[in-house]
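# Fold and geometry: a report
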There are 2 protein chains.
Amino acid sequence: MKNYLQPVSLDHAYLLFNLGATSLVSASHQADEDVMPATWVCPLDLKPSKVTAVIDRTHYTRGLIEKSGYFALMLPGKGIIDQVMYLGTTSKNDEINKLEKSGSEFFYFPGFDIPMVCGCAAYAIFKVIPEEHNEKTYDLFIGECVGAWSDCRVCRNGHWSFDQENDSLRLLHYSAGGHFYTLGDSISPKKI
Amino acid sequence: MKNYLQPVSLDHAYLLFNLGATSLVSASHQADEDVMPATWVCPLDLKPSKVTAVIDRTHYTRGLIEKSGYFALMLPGKGIIDQVMYLGTTSKNDEINKLEKSGSEFFYFPGFDIPMVCGCAAYAIFKVIPEEHNEKTYDLFIGECVGAWSDCRVCRNGHWSFDQENDSLRLLHYSAGGHFYTLGDSISPKKI
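A quick note: this is a predicted structure, and the numbers were derived from the prediction, not measured. (Residues numbered from 1 in each chain as written. Chains lettered and ligands numbered in written order. Predicted model: local features only at pLDDT ≥ 70, side-chain atom pairs only at ≥ 80, totals over all residues. Heavy atoms only, no water.)

## Overview of the confidence of the model for chain A
Mean pLDDT over chain A stands at 96; residues scoring 70 or higher make up 98%. For this predicted complex, the interface score ipTM comes out at 0.96, while the overall pTM is 0.96. (pLDDT = per-residue confidence, 0-100.)

Rendered as structure tokens:
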């Protein structure tokens, strides 16, 4: 696979999450790793980019985030929707070989041991800013970006541009009951 | 205008925000009111529905939220993109007649004095759950839903269904630099 991934500056990484697409969240601790979808992810700050992510305490991934202090967010393209669904409907609490059975291909960025799923339009790694009250009361985690990358065919330094040729990388937006929407066309107001 | 708005149950209101669309946020205090776009809005909890919303301290709307303890979120359709842009590029700090000059039409739900903008696909009102640390440190507000409604032509009790006939209500997703995307087509994985 040709490597289309290019770095995104830490001050632009929040732009990856402006569109409100469904993400995959991953984490690892001492070679134990997991990946799950997370729809409730949102930018929080610009410089450096921060996000909020709601990660329920029942998820295996949450323990790995708490132990390691890091998590990654990825924005899956529609081409891997079946993998996203598997990763969201199978828990590593029940299936220890979840990742091997997901059908996903994984890779790692240099210097980070967090698994990344091939077929995503963008990737970002966050260091948890400890906020015990938010985590315990709301399952709400705050992360500060320490690394970000995007597939230059659809996104350059946080600025998106989709076309028909790279339709498999078009973002997914989770609705309910296993149904998603894809992102549509660009549109601009008369006065910008 | 025929009234297509139907109530959404408080336990389903979070579904309105799953898709990650750009919202309008409004608030009022003693007849002073304002409306602005807010992209950094996200579901936080299910029953009853809660959301997070990042509202910078420079915005006029923020003071109204802090004084009243309530805010509304609306999901504007692409048909009012020019109004959304005006409401986001004009501050009531500079233009006291912002709302009158916006070109928007407004209405109110019975029992609430918060202005609502015509042309949105869904509406929800939230009571602020006071979290001083989050508000001061991150400009992050948490709200619990006290009322929600959607346009039944595109959304029934939190379940979305867009068609060509009601294209003007298709949701907007803010990217950067005044550019938006519209929501595209529905897509489902092989196994739900």
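## Some thoughts on the sheet that holds strand E14 (residues 179–187) of chain B
With antiparallel pairing, the four strands of this open sheet are ordered in space as E13(A)-E14(A)-E14(B)-E13(B). Every other strand in the sheet has two partners, leaving strand E13 (172–176) of chain A together with strand E13 (172–176) of chain B as the edge strands with one partner each. When the angles between neighbouring strand axes are averaged without regard to direction, this sheet yields 40 degrees. Bridge count for E13 of chain A against strand E14 (residues 179–187) of chain A is four bridges, and the pairing is antiparallel. Its bridge partner lying in E14 of chain A, His 173 of chain A is registered against Tyr 181 of chain A. (Pairing = 2+ DSSP bridges. Helix = DSSP H or I, 4+ residues; strand = E, 2+ residues; numbered from the N terminus. Axes fitted to C-alpha atoms, helices over the stretch in contact; angles between N-to-C directions.)

## Things to note about the interface of chain A and chain B
The interface is formed by 51 residues belonging to chain A together with 51 residues belonging to chain B. Together chain A and chain B conceal approximately 4,300 Å² of surface at their shared face, both sides included; 61% is due to carbon and sulfur atoms. Considering only the surface of chain A that becomes buried against chain B, Trp 40, Tyr 181 and Ile 187 of chain A emerge as the three largest contributors, covering 18% of it. For the pair chain A and chain B, the interface holds two salt bridges. The closest approach of N and O atoms between Asp 82 of chain B and Lys 190 of chain A, which form a salt bridge, is 3.7 Å. One can count 23 residue pairs in polar contact (both at pLDDT 80 or more) joining chain A with chain B. For the side of chain A that touches chain B, the element with the most residues is E14 of chain A, which contributes nine residues. Classifying every residue of the side of chain A that touches chain B by side-chain character gives 27 nonpolar, 17 polar and seven charged. By the bridge criterion, five bridges tie E14 of chain A to E14 of chain B in an arrangement that is antiparallel. Looking across to E14 of chain B, one finds that Ile 187 of chain A is bridged to Phe 180 of chain B. (Contact = heavy atoms within 4.5 Å. Buried area = accessible area lost by both parts, 1.4 Å probe. Salt bridge = Lys/Arg side-chain N within 4 Å of Asp/Glu carboxyl O. Polar contact = N/O pair within 3.5 Å; in protein donor to acceptor, adjacent residues only side chain to side chain. Nonpolar A, V, L, I, M, F, W, Y, C, P; charged D, E, K, R; others polar.)

## Overview of the relation of the copies chain A and chain B
Superposing chain A onto chain B takes a rotation of 180 degrees combined with a translation of 0.0 Å along the rotation axis, leaving an RMSD of 0.0 Å. Look at the turn and shift together and you get a two-fold axis relating the two. A share of 100% of the interface residues of chain A reappears at the interface of chain B, consistent with the copies meeting face to face through the same patch. (Least-squares fit on C-alpha atoms with pLDDT ≥ 70 in both.)

## Observations concerning helix H1 (residues 60–68) of chain B
Residue and element names in this part refer to chain B. By the burial criterion, the buried members of H1 are Thr 61, Arg 62, Leu 64 and Ile 65. Mapping the buried residues of H1 onto a view down its axis gives an arc of 165 degrees, with all of them on the same face. With its phi angle positive at about 80 degrees, Gly 69 sits one or two positions after the end of H1. (Buried < 20%, exposed > 50% of the residue type's maximum accessible area, 1.4 Å probe, protein only. Arc of directions from axis to C-beta.)

## Focus: the environment of Asp 113 of chain A
Tracing the chain through its elements places Asp 113 of chain A in the loop between strand E7 (106–107) and strand E8 (116–117). Taking the C-alpha atoms as reference points, Asp 113 of chain A and Gln 30 of chain A, 83 residues apart in sequence, are found 9.1 Å from one another.

## A word on unusual backbone geometry
Residues and elements named next belong to chain A. Look at the link from Lys 47 to Pro 48: it is a cis peptide, with omega at -5 degrees. Of note, Ala 31 is a non-glycine position whose phi angle comes to about 70 degrees, a positive value. Locating Ala 31 in the fold gives a position in the loop between strand E2 (23–29) and strand E3 (32–38). The residue Asn 157 is not glycine, and still its phi comes out positive at about 50 degrees.

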